[in-house]
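Commentary on secondary and tertiary structure
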Amino acid sequence: MQATMNVQLVGTASYNMDNGELNQIFVIVPDPENKNVRGYSVAKMQCARCVFDALPVDASAYPLDVTLTVKNKVSGGKVSQFALTAAIARPAPASKAS
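For clarity, every value in this text was computed on a predicted model and none was experimentally measured. (Residues numbered from 1 in each chain as written. Predicted model: local features only at pLDDT ≥ 70, side-chain atom pairs only at ≥ 80, totals over all residues. Heavy atoms only, no water.)

**What to know about the layout of surface pockets**
In this structure, the largest pocket occupies an estimated 250 Å³ of space. If you go around the largest pocket, the residues you meet are Gln24, Lys44, Met45, Gln46, Lys73, Val74, Ser75, Lys78, Val79, Ser80, Gln81 and Phe82. For the lining of the largest pocket, the secondary structure elements donating two or more residues are strand 3 (40-47), strand 4 (64-75) and strand 5 (78-91). With five residues, the single largest contributor to the lining of the largest pocket is strand 5. Looking at the lining of the largest pocket residue by residue, the classes come out as four nonpolar, five polar and three charged. (1 Å grid on protein atoms, 1.4 Å probe; cavity = no way out; pocket = protein on both sides within 12 Å on 5 of 7 lines; lining within 4 Å. Points joined across faces, edges and corners; volume = space filled by probe spheres on them. Helix = DSSP H or I, 4+ residues; strand = E, 2+ residues; numbered from the N terminus. Nonpolar A, V, L, I, M, F, W, Y, C, P; charged D, E, K, R; others polar.)

Listed below in C-alpha cells is the structure:
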C-alpha cells in the first residue's frame, strides 16, 4: 500500500556498501497528536535512488517542502516507511534566528 506524506526535507545521503547501496532522506514533521513531542520530530527514511538523484546538491537549497510517496516495508519485525518519490512543493520558509 502506498501513501503520501507532506514533510520538510532537510537532507539526503547515499552510500555504497559491500552488500549494495543505501539511500536515505532526513525529514522533520510536526506531531501535534503526540503529547510527548513539542515542535518537530526528526526521521531518517530509506529512499529509492531516484529520490536522492532528484534532490539539490547545494546545502543552501534546504530545507524543502516535499510530498513523498511512501510504502511500508517490514524487516526484522519492524515496519518502516520507504520513499519512492519526492515532489518538491517549494523551498521551505527560512527559519528565523533569535
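**Points about the side chain of Asp65**
If you trace the backbone, Asp65 turns up in strand 4. A distance of 3.4 Å separates polar atoms of two side chains, one belonging to Asp65 and the other to Gln8. (Polar contact = N/O pair within 3.5 Å; in protein donor to acceptor, adjacent residues only side chain to side chain.)

**Observations regarding the state of the cysteines**
The full count for this structure, using the stated rule, is zero disulfides. Of the cysteine sulfurs around Cys47, a residue in no disulfide, the closest is that of Cys50, at 7.9 Å. For Cys47, a relative accessible area of 3% corresponds to the buried category. (Disulfide = S-S within 2.5 Å. Buried < 20%, exposed > 50% of the residue type's maximum accessible area, 1.4 Å probe, protein only.)

**Here we look at the pattern of salt bridges**
When charged atoms on two side chains of opposite charge get close, those side chains can pair. Applying the stated criterion across every chain yields a total of two salt bridges. Between Arg49 and Asp53 there is a salt bridge, with the nearest N and O atoms lying 2.8 Å from each other. Of this pair, Arg49 and Asp53 both sit in helix 1 (residues 49-54), four residues apart, roughly one helical turn. Beyond isolated ion pairs, a larger network of salt bridges with shared partners links Glu21, Arg49 and Asp53. (Salt bridge = Lys/Arg side-chain N within 4 Å of Asp/Glu carboxyl O.)

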